[in-house]
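Residues per chain are reported as follows:
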Amino acid sequence: MRTGLLVGVIVVVVVIAIVAAILATRPSAPPSPTTVTSVVTSVTTVSGTATTVVQTVTVTAPGTTTTTTGPPTITFYTWWAGLERFAIDAVIGNFTKLYGIRVEKTAVPGGAGVNAKIAILTLIQAGKPPAAFQVHCGPEMISYIYAAPNGVESFVNMTSAAQQIGLIQQAPGVAWACSLNGGMFSLPVDVHRANLIMYNKHLLDKIGASVPTTVQDLLAVCQKAAAAGIPCLVLGGADQFTLLQTWENLFLAVGGPYKFMQFLYGTLPPNDPSIVEATQLYLNLTKYLSPDWSSVDWTGAVADVVQGKALAHVDGDWAVGLIHNVYPNVTMCTVDNITPNCDIIFAPFPGTQGIYSLVIDSVAVPVGPEESYGVLFAKFFAGPQGQTIFNPIKGSIATYKNISTSIYPTAVQQWEAQQYRDARFYVYSLTHGGLFSDVWQNLLQQVVVLTQTGNTNLWYSTVAKALATERQEWNGWYMGFPNNKFWGNATATS
Ligand code: GAL
């Protein structure tokens, strides 16, 4: 099974690389006809007044071409496909309506960019990048800089664009996390959180358990669930990333924010006891995985919890967006306000309360002939208007302090906005942008092997290699501002 999975991953990677290479050499296609659907919704503007926004979703008609010259068209690469397409489609529709520029979304499926990142890297390496692409803030962007023919000169420095749209002034914490050596090479569009866990409340009630606050509590709840014949935990083996995210959350719980950031910078000693402790807890916890874990992706894992096939799932708050958009009859609540009608409870991952593990999606624009359109799109998307359209649907929160929290349709997002403001520490999620892409891919593959085989020696040597490679690849780069490297408030003694 292990070999099958690895072979599967390799095949997918190769196919995507080939498709990407073909796309890279293809002459730019004429614009194709679209179906435009207008959705009228009420949102609150930055000033706090309610207004009506027409969200125009543009759908490219498949298999049709046209020879007439139409409005300018640019390509945007992303992994927001399938069940998580709604927020990006609303942004694109509105952008096109406002500027008359069409955005052809090339969505390479696979949560957390497990496939898209390889496709984007291939295009960049070939010197044929898309006009704009999705990237996490953090060293993931440096991996693209390393791959590009002209290095850092291959990408538009977005610092002044960020200033123009008020991002640096209104989102100083996000600007801190999203800057590399003091400059911004992509514009942030949201704040997601990686250290979350969701529970099916009916199953918790059934076994007479409450929401765990420590990792030991979580293990005890899982034991109880197992005794009642209920699979405790479901993770998405098919797109792997929630496995690594679970490991990193355990590591955050036992190691704390400073060691977590040391992992990101590769300065954590490889024999640090928290690596072993987190790994042992990971193996204890994954004993309780549901039988279908290796065949479901994150959306399937969320569905399992929603449908009562498993008790819990570790994921980011994009799961909130998914439930809101796809399961409108499901009521979500937070651990701080468990309402009687609640179906799904969201809580900080046990042992990481008070810490916000940041995941920041952003848009980067390569230097080239379409650069001005790309920058226009990125500024619209990351600006107050784009973020007001995007975040309510996405499950995330907006980066702007002055965007009213009343735009969020779910109680979880309202709570997250408060949790973000009140957090004692911020760290940057390793699974979602906090690692260089080669290190990330290695850890993703190996965490699947760890889960299947329990082979800790292989895992520890992979982690040691990951730390050494991280340290080496930072090579003069850092997150944050000069004299204020991003450590998310953590110090060696905190
Ligand atoms: C994350 C990304 C989120 C969401 C998630 C699942 O990496 O930051 O916006 O897309 O993956 O695909």
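Above this text sits the structure in question.
Calculation criteria
- Residues numbered from 1 in each chain as written.
- Predicted model: local features only at pLDDT ≥ 70, side-chain atom pairs only at ≥ 80, totals over all residues.
- Heavy atoms only, no water.
- Near = heavy atom within 4 Å.
- Polar contact = N/O pair within 3.5 Å; in protein donor to acceptor, adjacent residues only side chain to side chain.
- Areas by Shrake-Rupley, 256 points an atom, 1.4 Å probe, with all protein chains shown as cover.
- Nonpolar A, V, L, I, M, F, W, Y, C, P; charged D, E, K, R; others polar.
- Pairing = 2+ DSSP bridges.
- Helix = DSSP H or I, 4+ residues; strand = E, 2+ residues; numbered from the N terminus.
- Contact = heavy atoms within 4.5 Å.
- Axes fitted to C-alpha atoms, helices over the stretch in contact; angles between N-to-C directions.
- Expected span 1.5 Å × (residues − 1).
- Buried < 20%, exposed > 50% of the residue type's maximum accessible area, 1.4 Å probe, protein only.
- Disulfide = S-S within 2.5 Å.
- Parallel < 35°, antiparallel > 145°, perpendicular 65-115°, else oblique.
- Left-handed = near helix turned anticlockwise from the far one by under 90°.
- Phe/Tyr/Trp six-rings, centres within 6.5 Å; stacked < 30°, edge-to-face > 60°.
- Lys NZ or Arg CZ within 6 Å of the ring centre and 35° of its normal.

**Details of the site of the ligand**
Part 1 of the argument: Taken together, 13 residues lie around the ligand, and Glu 84, His 136, Asp 361, Lys 394 and His 432 are the ones closest in.
Part 2 of the argument: One of the side-chain N or O atoms of Trp 80 is found 2.8 Å from an oxygen atom in the ligand.
Part 3 of the argument: Between an oxygen atom of the ligand and a side-chain N or O atom of His 136, the distance comes to 2.8 Å.
Part 4 of the argument: In the complex, the protein chains occlude 100% of the 300 Å² of accessible area that the ligand would expose alone.
Part 5 of the argument: Of the residues contributing to the shell around the ligand, the split by class is six nonpolar, four polar and three charged.

**Points about the sheet that holds strand β6 (residues 187–188)**
Part 1 of the argument: An order of β4-β3-β5-β13-β6 is seen for the five strands of this open sheet, with the pairing classed as mixed. The open sheet has two edge strands with one neighbour each: β4 (102–107) and β6.
Part 2 of the argument: Bridge count between strand β5 (residues 132–136) and strand β13 (residues 361–364): four bridges; the pairing is antiparallel. Note on β13: the bridge partner recorded for Phe 133 is Ala 364.
Part 3 of the argument: Sitting on the sheet, helix α14 (residues 371–382) touches β3 (73–78), β4, β5, β6 and β13, and the angle it makes with β3 is about 55°.

**Topic: the sheet that holds strand β8 (residues 196–200)**
Part 1 of the argument: Read across the open sheet, the four strands follow the order β9-β8-β11-β10; overall the sheet is mixed. With partners counted over all chains shown, the strands left at the sheet margins are β9 (312–315) and β10 (332–334), one partner each. Recorded for the sheet is a direction-independent mean angle of 25° between the axes of neighbouring strands.
Part 2 of the argument: Strand direction decides the pairing type here: β8 and strand β11 (residues 344–348), joined by five bridges, are antiparallel. Looking at β11, one finds that Met 198 is bridged to Phe 346.
Part 3 of the argument: Docked against the sheet, helix α10 (residues 241–265) engages β8 and β9, running at close to 85° with respect to β9.

**Structural notes on α10**
Part 1 of the argument: The end-to-end C-alpha distance of α10, which contains 25 residues, comes to just 20 Å, noticeably less than the 36 Å that a straight helix rising 1.5 Å per residue would cover.
Part 2 of the argument: Burial analysis of α10 places 21 of its 25 residues in the buried class, which makes it a mostly covered element.
Part 3 of the argument: A positive backbone phi angle near 75° is found at Gly 266, which sits one or two residues after α10.

**Comments concerning helix α12 (residues 298–306)**
Part 1 of the argument: Taken across its nine residues, α12 has nine buried, putting it largely inside the fold.
Part 2 of the argument: Along α12, the positions that sit buried rather than exposed are Trp 298, Thr 299, Gly 300, Ala 301, Val 302, Ala 303, Asp 304, Val 305 and Val 306.
Part 3 of the argument: Where α12 is buried, its residues touch β8, α10, β9, α13 (318–326) and β11.
Part 4 of the argument: Within two residues after α12, Gly 308 carries a phi angle of roughly 75°, on the positive side.

**With respect to the state of the cysteines**
Part 1 of the argument: Tallying each qualifying case throughout the model produces three disulfides.
Part 2 of the argument: Across a sulfur-sulfur distance of 2.0 Å, Cys 137 and Cys 178 are joined as a disulfide pair. As the torsion about the S-S bond is roughly -60°, the Cys 137-Cys 178 disulfide counts as left-handed. A residue pair is termed long-range when its members are at least 10 positions apart, and Cys 137 in the loop between β5 and α4 (139–147) and Cys 178 in helix α7 (residues 172–178) qualify at 41 residues.
Part 3 of the argument: Residue classification places Cys 137 among the buried positions, given a relative accessible area of 1%.
Part 4 of the argument: Cys 178 gets classed as buried once you look at its relative accessible area, which sits at 2%.
Part 5 of the argument: The disulfide that involves Cys 333 links it to Cys 342, with 2.1 Å between the sulfurs.

**Some thoughts on the packing of helix α3 (residues 116–125) against α4**
Helix-helix packing: each pair is described by the crossing angle between the helix axes and the interaxial distance.
Part 1 of the argument: In the contact formed by α3 and α4, the axes pass within 8 Å of each other and the chain directions differ by 30°. The orientation of α3 relative to α4 falls into the category roughly parallel. As for how α3 packs across α4, the hand of that crossing is right-handed. Seen from α3, the contacting residues are Lys 117, Ile 120, Leu 121, Ile 124 and Gln 125; seen from α4, they are Glu 140, Ser 143, Tyr 144 and Ala 147.
Part 2 of the argument: A class-by-class count of the residues in the contact of α3 with α4 yields five nonpolar, two polar and two charged.

**Concerning the packing of aromatic side chains**
Part 1 of the argument: For the structure shown, the criterion picks out 26 aromatic pairs.
Part 2 of the argument: Ring plane angle 80° and centroid distance 6.3 Å describe the contact between Tyr 99 and Phe 380, whose orientation is recorded as edge-to-face. Here the residue Tyr 99 occupies a position in helix α2 (residues 86–99), and Phe 380 occupies one in helix α14, the gap between them amounting to 281 residues.
Part 3 of the argument: Above the plane of the ring of Trp 440 lies Lys 117, whose end atom (NZ or CZ) is 3.3 Å from the centre.
Part 4 of the argument: One Lys or Arg, Lys 485, reaches over the ring of Tyr 265 and ends 4.3 Å from the middle of that ring.

**Observations regarding the pairing of strand β12 (residues 355–359)**
Side-chain positions along a regular strand alternate between the two faces of the sheet.
Part 1 of the argument: Where burial is concerned, most of β12 is hidden: five out of the five residues are buried.
Part 2 of the argument: The alternating pattern of β12 places Ile 355, Ser 357 and Val 359 on one face and Tyr 356 and Leu 358 on the opposite face, and all of these are buried.
Part 3 of the argument: The pairing of strand β7 (residues 192–193) with β12 spans two bridges and is classified as antiparallel. Looking at the pairing, His 192 lines up with Val 359 of β12.
Part 4 of the argument: Of the pairings in the sheet, the one linking β12 to strand β14 (residues 425–428) comprises four bridges and is parallel in character. Each bridged residue has a counterpart across the sheet, and for Ile 355 the counterpart in β14 is Phe 425.

**Quick word on the environment of Val 375**
Part 1 of the argument: Secondary-structure assignment places Val 375 in helix α14.
Part 2 of the argument: Accessibility expressed as a relative area gives 18% for Val 375, which makes it buried.
Part 3 of the argument: Considering only alpha carbons, one finds Val 375 and Val 363, 12 residues apart in sequence, at a separation of 9.0 Å.
Part 4 of the argument: Excluding residues that lie within four positions of it along the chain, Val 375 makes contacts with Val 156 and Val 365.

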